[in-house]
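What the coordinates show
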Amino acid sequence: MAETETQQHQDGHHDEDVHDANYQAPPVKSIEEIMAADQEDESLRRYKEALLGAAQAEKIVVDPNDLRKVIVKKLALVVEGRDDMELDLSGDISQLKKQLFVIKEGVQYKVRIDFIVQREIVHGLKYVQKTYRMGVPVVVDKMTHMVGSYPPKKEIQFYLTPAEEAPSGMVSRGTYSVTSVFTDDDKHIHLKWDWTFEIKKDWA
């Protein structure tokens, strides 16, 4: 699993848990400001055009009733040779803990986050995940992944983490609680949700 740390489990994430207190995010710029800058640099202009795609010509709004720039749709556990295990993040996320994932001990798995970006480009998206052994108030694992910057698109975009290895052995088997946060350089919490999985000797 990812880097292990031990600390008291408290409800919610504080800024210091998710963000580097010494890091200062660059000023937020609109798509129009981004396109207008450095026009004399031909290679940079082409790069920005490729990055922004259709967003440079039109305001992309996938859901007019949702004012968020980032709409997180789904989390999936990806294991080679098996169907993805998915959590729908577009509904009542308070019910997600009732949906228990079973993971075979020792397998390699990845986490995929499906999301929509609309209205404006978002900078420095970050996925933070803290794992707790059920009934034990300490963090047993923490992973932080820099997802990157994404332009608005009508299509769903996704981020796939590097492979992680599930713990193995009798001591590691059991149920775990996870708190996930999808955030960015500007310290916007786009979504925070809790879910659970169980490590077993086999998939059944």
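Before any of the text, the structure's been laid out above.
Please read all numbers here as calculations on a predicted model, not as lab measurements.

Mapping Gln129 onto the fold places it in strand β5 (residues 122–133). Note on Gln129: relative accessible area 3%, which makes it buried. At 2.6 Å, the side chain of Gln129 and the side chain of Tyr127 are in polar contact. Excluding residues that lie within four positions of it along the chain, Gln129 makes contacts with Val111, Asp141, Lys142, Met143, Val178, Thr179, Ser180 and Trp195.

What follows covers the sheet that holds strand β10 (residues 191–200). Taken in spatial order, the 5 strands line up as β3-β10-β9-β5-β6 in an open sheet, and their pairing is mixed. In this open sheet, the two strands that pair with only one neighbour each are β3 (100–104) and β6 (139–150). Strand-to-strand twist across the sheet, computed as the mean angle between neighbouring axes with direction ignored, equals 25 degrees. Relative to β10, strand β9 (residues 174–183) runs antiparallel, the two sharing 9 bridges. When the sheet's bridge partners are listed, Thr179 is paired in β10 with Asp194.

Calculation notes
- Residues numbered from 1 in each chain as written.
- Predicted model: local features only at pLDDT ≥ 70, side-chain atom pairs only at ≥ 80, totals over all residues.
- Heavy atoms only, no water.
- Helix = DSSP H or I, 4+ residues; strand = E, 2+ residues; numbered from the N terminus.
- Buried < 20%, exposed > 50% of the residue type's maximum accessible area, 1.4 Å probe, protein only.
- Polar contact = N/O pair within 3.5 Å; in protein donor to acceptor, adjacent residues only side chain to side chain.
- Contact = heavy atoms within 4.5 Å.
- Pairing = 2+ DSSP bridges.
- Axes fitted to C-alpha atoms, helices over the stretch in contact; angles between N-to-C directions.

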